[in-house]
Amino acid sequence: MSDATGVHTDYLHFLIENRELPELSEICATMPAWEIVDAFDEIPTRDAAVLFRLLDKTKAIEIFDDLDTAAQADLVAELSDAKVSEVFAGLEPDEQARLLDELPARVAKRLMAAMTAEDHGQVTKLLGYPRDSVGRTMEPAVYAKEHETVDQVLHRIRSHHASLEALAEIPVVSDVLVLVGKLNPIDLLRSDGDREAAELMESDPPYAYTSDDAETVARRVLDSGDLLFPVVDTEKRLVGVFPIGDAAALDKRAVDEDSARAGGSEPLRRPYLLTPVATVAKSRVVWLLVLAISAVLTVQVLEIFEETLSQVVALALFIPLLTGIGGNTGSQAATTVTRALSLGNVRKRDFMKVAFKELRTGFLLGIALGALAFTVASLVYGVGIGTVVGLTIILNCPIAATVGGLVPLVAQACKVDPAVFSTPFISTFCDATGLLLYFTVAITVLGL
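Residues numbered from 1 in each chain as written. Predicted model: local features only at pLDDT ≥ 70, side-chain atom pairs only at ≥ 80, totals over all residues. Heavy atoms only, no water.

Under an unreviewed UniProt entry, the name given to the chain is Magnesium transporter MgtE, and the source organism is Dietzia timorensis. According to the UniProt record, the Sequence similarities (unreviewed entry) comment for the chain is "Belongs to the SLC41A transporter family." UniProt lists a comment for the chain under the heading Subunit (unreviewed entry), and it reads "Homodimer." (UniProt positions renumbered as here; feature names shortened; annotations may be inferred.)

This is the structure:
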């Protein structure tokens, strides 16, 4: 945020605190929408609600549409029913469906009850698709029939209240709405009015099914460079479109979630400084509990081999090194395979291919790291200890890499987010198995 915006934010907060509403209203009328959206990320939700009530209807709808879904839901909880209904009615059906998912059931029911019959039908249709599917997030389609003329298609576009993104490309359908191609709007504007859509269309465009995972389709859209994907049902009949702008926003949310979960916490719904301490703690506590269970298992393994440790105390010095290498090796493999899954480069049927690849990768890593560990440990603690440490790393790295690579596939098969499942499981598994392997090698090599 710029310095000017920062001054505005501080002054807005001052006016709200002192209830200088006339002056606040005048300032809001002159502020650009993007600046007010930025201000909402800097002030508490209660203050944002006061500010929002002073906006005219058109500007309020524009600003509300630019907020993320979590901020929208928090704002709705602070606003009166009349103001909420007014703004809610101005949203696109996919935005309405996404917001209803975030709201408490009682609030969602009130909003649904205030909707027109047409809007209610559109939103109910979207809510009928699985929550994480592309059908839940698609926009209404503006289409052309293959035997319609350019003039007829342009007339339909002019009479349709679609977003600019939804008009980036025009799907072409048959008389029974089966997808057969797509049109570039520029080609329409440059062509004679009596030419048919079939003459101008590009055949066999990429598309998505309503039941496809929205995150996967978003990455397909971004990778392909297409401005939108038509969305079809099981009989390839057109039911909506998924624009590249929606794909980019969804992919950003997914990356933010994966980054937070890879760091051992759940993503925050609001900006960090505006999130209550209890909410921040709640986002981290589950992961810490999982790691605590992992620590208990590690203690149990150490207790089993307590006598071995008492005979060769130097073995205890290398425990952090071995568990750290095992855990990081597994996490690296899991991250790589999770990304490959999201891009469609790996599928569940590739289970054995992934296992074999990670086994070889882990073995190469183990040889490199094990040789280094053997050299250093032998110089300080003798060849016996060096052999135990080096051999453990050589054996443990292939196991950790293989398990780390397969966990995301197992998570996907169980319909669990790999980013959620992988980190705690790998930490628990690698700590316990790494120690078991370490002490088994020590007993064998040192004859304890």
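Don't stop here, the text continues.
It is not clear to me how the pattern of salt bridges should be interpreted in this structure. Could you clarify?
Oppositely charged side chains can form a pair if their charged atoms are brought close together. The final tally for this structure, using the stated rule, is 7 salt bridges. Residues joined by salt bridges that share partners form a network here, namely Glu 169, Lys 182 and Asp 226. (Salt bridge = Lys/Arg side-chain N within 4 Å of Asp/Glu carboxyl O.)

Where do I start with the sheet that holds strand β1 (residues 144-145) in this structure?
Whenever strands of a sheet pair, they do so through backbone hydrogen bonds, lying parallel or antiparallel. Pairing is mixed across the open sheet formed by 4 strands, whose spatial order is β1-β2-β3-β4. Unpaired on one side and paired on the other, β1 and β4 (202-203) mark the two borders of the sheet. Across 4 bridges, the pairing between strand β2 (residues 170-173) and strand β3 (residues 179-183) is antiparallel. The partner of Pro 171 across the bridge, within β3, is Lys 182. (Pairing = 2+ DSSP bridges. Helix = DSSP H or I, 4+ residues; strand = E, 2+ residues; numbered from the N terminus.)

I keep staring at a nonpolar patch on the surface and nothing clicks. Help me out?
Among the surface-exposed residues, Leu 317, Leu 372, Val 376, Leu 379, Val 380 and Tyr 381 lie close enough to one another that they form a single nonpolar patch of about 650 Å² accessible area. With respect to the helices, strands and loops of the structure, Val 376 is situated in helix α20 (residues 351-381). (Patch = residues over 30% accessible without salt bridge, like charges linked within 9 Å, V, L, I, M, F, W, Y side chains within 5 Å. Areas by Shrake-Rupley, 256 points an atom, 1.4 Å probe, with all protein chains shown as cover.)

Any chance you could explain helix α15 (residues 214-224) here in plain terms?
The set of residues buried in α15 consists of Ala 214, Val 217, Ala 218, Arg 219 and Val 221. One side-chain oxygen of the residue at the start of α15 lies 3.2 Å from the amide nitrogen of Glu 215, identifying that residue as Asp 213. Phi turns positive one or two residues past the end of α15, at Gly 225, with a value near 85°. (Buried < 20%, exposed > 50% of the residue type's maximum accessible area, 1.4 Å probe, protein only. Polar contact = N/O pair within 3.5 Å; in protein donor to acceptor, adjacent residues only side chain to side chain.)

Could you clarify how one ought to interpret the packing of aromatic side chains in this entry?
Between two aromatic rings, the relevant description is the distance of the centres plus the angle of the planes. Applying the stated criterion across every chain yields a total of 3 aromatic pairs. Each ring, one from Tyr 207 and one from Tyr 209, has its centre 5.6 Å from the other, and the planes form 85°; the classification is edge-to-face. The class of Tyr 207 is partly exposed, set by a relative accessible area of 24%. Consider the rings of Phe 318 and Tyr 381, whose centres lie 5.5 Å apart with planes at 80°: the pair is edge-to-face. Pair noted here: Phe 318 is in the loop between α18 (306-311) and α19 (319-342) and Tyr 381 is in helix α20, with a separation of 63 residues, a long-range link. Judged by its relative accessible area of 11%, Phe 318 is buried. Across the ring face of Phe 356, the terminal group of Arg 360 is positioned such that the distance to the ring centre comes to 4.2 Å. (Phe/Tyr/Trp six-rings, centres within 6.5 Å; stacked < 30°, edge-to-face > 60°. Lys NZ or Arg CZ within 6 Å of the ring centre and 35° of its normal.)

Help me out: how do you make sense of the nonpolar core in this one?
One recurring pattern in soluble globular proteins: nonpolar side chains tend to sit buried together. Of all hydrophobic cores here, the largest spans 23 residues; its most connected members are Phe 40 and Leu 75. Only α2 (21-30), α3 (33-40), α4 (45-53), α5 (57-66) and α6 (69-78) provide two or more residues apiece to this core. Per element, the largest residue contribution to this core is 5 residues, and it comes from α4. Among the nonpolar cores identified, the runner-up in size contains 19 residues, and Ala 314, Phe 318, Leu 435 and Phe 439 belong to it. (Core = buried A, V, L, I, M, F, W, Y, C linked by side-chain atoms within 4.5 Å.)

Whenever I open this one, the side chain of Asp 233 confuses me. Can you help?
For Asp 233, the location among the structural elements is in the loop between β6 (228-232) and β7 (238-243). Among the polar contacts listed, one links the side chain of Asp 233 to the backbone nitrogen of Glu 235, at a separation of 2.9 Å. A polar contact of 2.8 Å, which involves the side chain of Asp 233, links it to the backbone nitrogen of Arg 237. Setting aside chain neighbours within four positions, we find Asp 233 in contact with Tyr 209, Thr 210 and Val 239. (Contact = heavy atoms within 4.5 Å.)

Got a minute to help me understand the sheet that holds strand β5 (residues 208-209) in this structure?
Spatially, 3 strands are ordered β5-β6-β7 in an open sheet, and the strand pairing comes out mixed. In this open sheet, the two strands that pair with only one neighbour each are β5 and β7. Both β6 and β7 contribute to a ladder of 5 bridges, which runs antiparallel. Residue pairing for β7: Pro 230 is matched across the bridge by Val 241.

Sorry if this is basic, but what is going on with the environment of Gly 390 here?
Within the element layout of this structure, Gly 390 appears in helix α21 (residues 383-413). Separated by 22 residues in sequence, Gly 390 and Ala 368 have C-alpha atoms that sit 9.6 Å apart. What Gly 390 contacts, discounting residues up to four positions off in sequence, is Gly 370 and Phe 374.

Where do I start with the packing of α19 against α21 in this structure?
In helix packing, the relevant descriptors are the interaxial angle and the interaxial distance, both defined with respect to the helix axes. Running from N to C, α19 and α21 point in directions that differ by 30°, and their axes come no closer than 7 Å. Taken together, the axes of α19 and α21 lie roughly parallel to each other. Crossing of α19 over α21 shows right-handed handedness. Residues Leu 321, Leu 322, Ile 325, Gly 326, Thr 329, Gly 330, Ala 333, Ala 334, Val 337, Thr 338 and Leu 341 of α19 touch α21, and the partners they reach there are Val 389, Thr 392, Ile 393, Asn 396, Cys 397, Ala 400, Ala 401, Gly 404, Gly 405, Pro 408, Leu 409 and Gln 412. (Axes fitted to C-alpha atoms, helices over the stretch in contact; angles between N-to-C directions. Parallel < 35°, antiparallel > 145°, perpendicular 65-115°, else oblique. Left-handed = near helix turned anticlockwise from the far one by under 90°.)

Is there a simple way to think about the environment of Asp 38 in this case?
The residue Asp 38 is located in helix α3 in this model. For Asp 38, a relative accessible area of 26% puts it in the partly exposed group. The sequence separation of Asp 38 and Asp 66 amounts to 28 residues, and the corresponding C-alpha distance is 10.0 Å.

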